[in-house]
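An overview of the molecular structure
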Amino acid sequence: MNLLRNQALLDASCRVAFAALVHDLGKFAERAAPEVDRDRLDAHIQNYCKWHEQGGYHSHRHAAHTALFLDVVEQSAPDLIRGEVTPFASRRDGTEADITDSLINAAAMHHRPETLLQWIIATADRVASGFERDEFDRYNEGEDKTDTGRNHFQARQLTLFEQVHLTGEKQPTTASSLDWRYPLKALSPENLFPVKRAGYEPEHDASAQKEYRALWEAFLLALKDIPASHRQQWPLWLDHFDTLWQTFTHAIPAATAFNTKPEVSLYDHSKATAAFAVALWRWHIAQKNLSDEESIRQHKERADWNEDKFLLVQGDFFGIQEFIFSEGAETNKNAAKLLRGRSFQVSLFTELAALKVLEACELPSTSQITNAAGKFLIVAPNTPEVRARLANVRKELNQWFLEHTFGLAGLGLVGKFASCSDFLQGHFTGLMKGLFEDLEAAKFSRFALTGDAPRVFEVEYPQGVCAYNNRLPADEKGSAPLSRDQIAIGEALVGKDRLLVARDDAELRRGSVESLEVPVFGYRVGFTEGEEETGRFGELAGNGGLVRCWDFSLPENLSDTLWHGYARRYINAYVPKFESDDLQVSDKYRDADAAEVKRLAPKTFNHLACEDRVLDDDGKNWIGQIALATLKGDVDNLGLIFQKGLEKNTFAKMAALSRQMNAFFAVWLPAFCAKNYPDTYTVFAGGDDFFLIGPWLKTQKLAAEMATRFKAFVAENPEIHFSAGIVTTKSGHPVHALAEQAETALEAAKGYERTASEKKNAICLYNEVVPWSEWDKLARLEQEIRELADDYKLSTGYVYGLLSLIDLATDKQNPESAMWRSRFTYRTSRYVVDKLQKDARPVALSRLAKTFGENGIAAQQGRFRIPLFNFFYSKRRG
């Protein structure tokens, strides 16, 4: 094979990726059972399916359906008939069955490969599955049936979360022993959650196929939504198709033969296959002394499976906290805009750094396996040219961050060699461990400071420091261009839905496009609205000036399908806005800036601090503390979950686990906040962590509901949970201080330990650490306090005095600690006698003793401060 160059090589890599991505398209189509031409199908079965002489049947009939229905998908793809099709053979003058090395044959022949291209995709398929050779042979001979007895029509996808096990010896699990399945529906926030198998997984083919048919028909309709003008550029179109494929195949089980567990989705398996296929193909065309015949022999015998053909490229954004919470003289004045702009920039920089690597190595978007929480993973070919280009990208990224952030932030870039054998189930744990170690090591070698990077910046500040970041120099506008972009992003996120990435010399300033001032890694970035605006860039897409077009819009509701015709990036955050109901109670915000209360205008932190105020009993005055809550949290033991959590881990499982974990925070949480907690800023949420700012009491309720929903998300696995910290402050508190205090609270929650097996899984609030298992008890106590206060007109002095009793009860070094009970009984009895009628006293005394005494101070100790503080704050006037 001849080594291609530049755009031609990138386009060819995209075609290889596409063939591998849809190699199991037939599984989707076959299970939907659409009407087919039986003669064509029979011919395809003969051509593509494995024949079993002993049983007298063809297995893996989905391969025939892949060939049959790829024709349908091709109608909305870049031209594969009249256009350039390298490295595949052209079908201009023949049918797919006649052209041995056509794209369709390469995709469909993965169970009986013959040519090198077919063997590359077949090998990628096996590497993605992590099959040992004998295991694959059994799989290739097996029937389409899972170990539950469900066939390929009926079986529904398991959740990996249910199978994670961190403590004790791992016990082998079967599908029949697992209780949860993903609903067979298009991707939406609510469809991310598994459901109970009982009552859902169908027992009959008819109902099972009906569900598949509805999904298949929706997929074919959605395929037409990709702009026709974007078909002229393979990289742009394939990025869109990748999102479409994820939307409709994220819950389709990839494997149902040989009594396998249907635990990996068709999307995650095919995405891994595509990444491996491109890397393998690129490695092979770089080998000038290796013939196709010898390569086929090596693939067939796995003779080269120990050769390091892959380069796993990891990127890690460092300095996130310092970058997001940088301060300047005007920071607090524009705090909300800056926070959402900087948080978006972290995700944007990470995405664009990954894009820079992909383009430098001439790889399609499908080679990027993960991107979440400032980290990404790309599968590249391990060739001298790719390694050299990666080194150049590393230098370019370092230079950009040094120039624009003075090293406050940066992105580490490391590469690790890997062979096909490294991805087998017996070896993959070691590979994962090495990946984690390499990324940790990269944090200690930032910017190549031991190499040729500058140690000291020769920078002058003739215009002073930036008003929004006092470490950056200002220009004649009084601020740094990067800071102005952050504010521009913060404004654009309120009304824009799509992001355009163009070549540096491309012109984006037209119509309602908000173009950023600073080029990022050589790309121009612009924000635009709906399709009417984006559609104007067909010419730019056609000539290659438009590199990417990303939809980052939030779902309109929890059931909204996450597909709007464009590649999606989950990098937006929910921004609270004023609605019509808010305008009716605008006097609630009199302590903030009432002039800014306008419909659809974004709420400032000053406004959010007022959102827990309510009218008093007379309906005249607003009561309640004016304060914000900052909520920070992350998943406990995440590294352990990825490295040791699964019984037999594979690359596709790792990618699936990463994608699904990220989806809870990046997809579900912003949509959930928009519907149920519309006064909450999601400053950042993705990967395994989150940082939210909202009204002081509503944020507590949100945190508790998140913990409950996360439990459902992970199939009620008691070994997967998150911890969180909340700090309550005035709205004018410096943002960096909010972050530091929230981090301290989170660390306290992470330090919780009741027993050797019950650790973390807690929240810290008002300096009290509470395991989530106890939170509902405190919530009920708070409700009881409010009811008692209303029923018996409890004075502030009486309730406030309980705090001193808590202090006494929790001071175990004080000899008088146990006396809290007698003092509580005396104070309560006096209050009841002095304030209540004689006939009401016995019941009141009993209720007060139970709530405040036994269930409160005695049972909860210092944690009882939480419902008391909430009660006090909710009654404050002013």
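Data block above holds the structure.
Note that residues are indexed from 1 along each chain, following the sequence as it is written. Local features are withheld for residues below a pLDDT of 70 in this predicted model, meaning they are given only at 70 or higher, and side-chain atom pairs are given and counted only at 80 or more; totals for whole chains, interfaces and linings count all residues. Note that water and hydrogens are dropped before the side-chain values are worked out from all heavy atoms of the structure.

1. Quick look at the overall build of the protein chain
Secondary structure summary: the protein chain contains 29 helices and 21 strands in total. Since a compact globule built from 878 residues should have a radius of gyration of about 29 Å, the 30 Å found for the protein chain is in line with a globular shape. Counted over contacts in the protein chain with a minimum sequence separation of 6, partners at least 24 positions apart contribute 72%. Put simply, the protein chain shows about 34700 Å² of open surface, and 47% of that area lies on carbon and sulfur atoms. Counting rule applied: Lys, Arg positive; Asp, Glu negative; His and chain ends not counted. A charge is said to be at NZ when it belongs to Lys, at CZ for Arg, at CG for Asp and at CD for Glu. For the protein chain, the distance from the average site of its 105 positive side-chain charges to the average site of its 122 negative ones is 4 Å. By definition, any uninterrupted DSSP run of H or I lasting at least four residues is a helix, any uninterrupted run of E lasting at least two residues is a strand, and each is numbered from the N terminus. The quantity called the radius of gyration is restricted to C-alpha atoms. Its globule counterpart is 2.2 Å times the number of residues to the power 0.38. In this description, contact between two residues means that some pair of their heavy atoms is separated by no more than 4.5 Å. Using a 1.4 Å probe, the Shrake-Rupley method yields the accessible areas, and only the shown protein chains count as cover for residues.

2. Notes on the pattern of salt bridges
When a carboxyl oxygen of Asp or Glu lies within 4 Å of a side-chain nitrogen of Lys or Arg, that pair is called a salt bridge. Summed over the entire model, instances satisfying the criterion amount to 52 salt bridges. A salt bridge links Asp438 to Lys416; its shortest N-O distance comes to 3.7 Å. Of the two residues, Asp438 sits in helix H15 (residues 428-442) while Lys416 sits in strand S8 (residues 410-418), which places them 22 residues apart along the sequence. Categorising residues by exposure relies on relative accessible area from a 1.4 Å probe, with only protein chains included: less than 20% of the type maximum marks a residue as buried, more than 50% marks it as exposed, and the intermediate range marks it as partly exposed. A residue is classified by how much of its surface remains accessible, and Asp438, at 24% relative accessible area, is partly exposed. Here Glu611 ties to Lys603 by a salt bridge, and the two come within 2.9 Å at their closest N and O atoms. Glu611 sits in the buried class, given a relative accessible area of 4%. One salt-bridge network, held together by shared partners, links Asp582, Lys588, Lys603, Glu611 and Asp679.

3. Quick look at the sheet that holds strand S20 (residues 762-765)
Sheets are built from strands paired through backbone hydrogen bonds, the pairs being either parallel or antiparallel. Pairing between strands is defined by DSSP: at least two bridges between them are needed. With mixed pairing, six strands are arranged side by side in an open sheet as S17-S18-S16-S19-S20-S21. Either end of the sheet is taken by a strand with one partner, and the two such strands are strand S17 (681-686) and strand S21 (768-771). Strand after strand, the sheet turns through a mean of 15° between neighbouring axes, direction not considered. Fitted lines through C-alpha atoms give the axes, limited to the stretch in contact for helices. The angle between two N-to-C directions lies from 0 to 180 degrees. Across the sheet, helix H25 (residues 772-792) lies against strand S19 (722-729), S20 and S21, angled at about 105° from S21, the strand it touches most.

4. Points about helix H22 (residues 651-676)
Given a rise of 1.5 Å per residue, 26 residues ought to cover 38 Å, and the 36 Å separating the end C-alpha atoms of H22 matches this to within 8%. At Ala663, H22 shows its maximal kink, close to 45°. Most of H22 sits inside the fold, with 23 of its 26 residues counted as buried. A helix is expected to span 1.5 Å multiplied by its residue count minus one. Here the bend at a residue means the angle between the axes of two seven-residue stretches, the one that ends at it and the one that starts at it.

5. A word on the nonpolar core
When a protein is soluble and globular, its nonpolar side chains tend to lie buried together. Each nonpolar core is a collection of buried residues, namely Ala, Val, Leu, Ile, Met, Phe, Trp, Tyr and Cys, held together in the definition by side-chain atoms within 4.5 Å. Core analysis: the largest hydrophobic core is formed by 254 residues, its most contacted members being Phe18, Phe241 and Phe852. Setting aside its immediate chain neighbours within four residues, Phe241 contacts Phe18, Leu21, Val22, Val73, Phe219, Leu223 and Ile226. Of all hydrophobic cores here, the second largest spans 11 residues; its members include Leu500, Leu540, Leu546 and Cys549.

6. Some details on helix H9 (residues 234-249)
An ideal rise of 1.5 Å per residue puts 22 Å on 16 residues; H9 measures up with 21 Å between its terminal C-alpha atoms. Burial within H9 is extensive, with 16 of its 16 residues counted as buried.

7. Regarding the sheet that holds strand S10 (residues 514-515)
Reading across from one edge, S10-S11-S9-S12-S13 is the order of the five strands in this open sheet, with mixed pairing throughout. This sheet does not close on itself; its edge strands, each paired only once, are S10 and strand S13 (567-568). Bridging between strand S9 (residues 498-503) and strand S11 (residues 523-528) involves six bridges; their strand directions are antiparallel. When the sheet's bridge partners are listed, Arg498 is paired in S11 with Thr528. Contacts from H9 reach strand S12 (546-551) and S13 within the one sheet, and its direction differs from that of S12 by about 20°.

8. Focus: the pairing of strand S16 (residues 628-635)
With eight of eight residues buried, S16 is to be regarded as a mostly interior element. Alignment of S16 against S19, held across eight bridges, turns out to be antiparallel. Each residue of the ladder has a partner; that of Ala629, found in S19, is Thr728.

9. Thoughts on the packing of aromatic side chains
Two aromatic rings from Phe, Tyr or Trp, using only the six-membered ring of Trp, form a pair when their centres are within 6.5 Å; if the ring planes differ by under 30 degrees the pair is stacked, by over 60 it is edge-to-face, and anything between is tilted. Overall, the coordinates contain 63 aromatic pairs when judged by the stated rule. Seen from their ring centres, Phe28 and Phe219 are 5.5 Å apart, and the 45° between their planes marks the pair as tilted. In this pair, Phe28 sits in helix H2 (residues 25-32) while Phe219 sits in helix H8 (residues 205-223), placing the two residues 191 residues apart along the sequence. For the pair formed by Phe28 and Phe219, the shared burial category is buried. Consider the rings of Phe869 and Tyr873, whose centres lie 6.2 Å apart with planes at 15°: the pair is stacked.

10. Here's the deal with a nonpolar patch on the surface
Taken together, the side chains of Val459, Tyr461 and Val465 present a nonpolar region at the surface, about 220 Å² in accessible area. Locating Tyr461 in the fold gives a position in the loop between H15 and helix H16 (481-495). On the basis of relative accessible area, Tyr461 is assigned to the partly exposed category, the value being 35%. Patch definition: residues above 30% relative accessible area lacking any salt bridge, with like charges linked at up to 9 Å and the nonpolar side chains Val, Leu, Ile, Met, Phe, Trp and Tyr linked at up to 5 Å.

11. Looking at the packing of H2 against helix H4 (residues 62-74)
In the contact formed by H2 and H4, the axes pass within 7 Å of each other and the chain directions differ by 95°. What the angle tells us is that H2 and H4 run roughly perpendicular. Here H2 contributes Leu25, Gly26, Lys27, Ala29 and Glu30 to the contact with H4, which in turn contributes His62, His65, Thr66, Phe69, Leu70 and Val73. Note on residue categories: nonpolar means Ala, Val, Leu, Ile, Met, Phe, Trp, Tyr, Cys or Pro, charged means Asp, Glu, Lys or Arg, and polar means any other residue, Gly included. Residues of the contact of H2 with H4, tallied by class, amount to five nonpolar, four polar and two charged. The scheme is simple: roughly parallel for angles under 35 degrees, roughly antiparallel for over 145, roughly perpendicular for 65 to 115, oblique for anything else.

12. Regarding the side chain of Asp551
Residue position: Asp551 is located in strand S12. On the basis of relative accessible area, Asp551 is assigned to the buried category, the value being 1%.

13. Regarding unusual backbone geometry
Here the bond from Thr86 into Pro87 is cis, since omega is 10°, no more than 30 degrees from zero. Topologically, Pro87 is positioned in the loop between H4 and helix H5 (103-108). Despite not being glycine, Leu600 shows a phi value in the positive range, around 75°. Secondary-structure assignment places Leu600 in the loop between helix H19 (580-584) and helix H20 (605-608). Judged by its relative accessible area of 42%, Leu600 is partly exposed.

14. Thoughts on the packing of H25 against helix H29 (residues 865-875)
In the contact formed by H25 and H29, the axes pass within 9 Å of each other and the chain directions differ by 45°. One finds that H25 runs oblique with respect to H29. Crossing of H25 over H29 shows right-handed handedness. Residues Trp775, Leu778, Leu781, Glu782, Ile785, Arg786 and Ala789 of H25 pack against Ile866, Pro867, Leu868, Asn870, Phe871 and Ser874 of H29. Class assignment of the residues belonging to the contact of H25 with H29 gives a composition of nine nonpolar, two polar and two charged. Take the far helix as your reference; a near helix turned counterclockwise from it by less than a right angle gives a left-handed crossing, and one turned clockwise gives a right-handed crossing.

15. Description of a negative patch on the surface
A cluster of acidic residues, Asp617, Asp618, Glu787 and Asp790, forms a negative patch at the surface. Assignment of secondary structure puts Glu787 in helix H25. Under the relative-accessibility criterion, Glu787 is labelled partly exposed at 35%.

16. Comments concerning the pairing of S11
Burial analysis of S11 places five of its six residues in the buried class, the great majority of the element. Pairing analysis gives two bridges linking S10 to S11, with the strands arranged antiparallel. Bridged to Ser515 within S11 is Gly526.

17. Brief notes about the environment of Leu9
In this structure, Leu9 sits in helix H1 (residues 6-21). When the C-alpha atoms of Leu9 and Pro87 are compared, they prove to be 9.3 Å apart, with 78 residues separating the residues in sequence.

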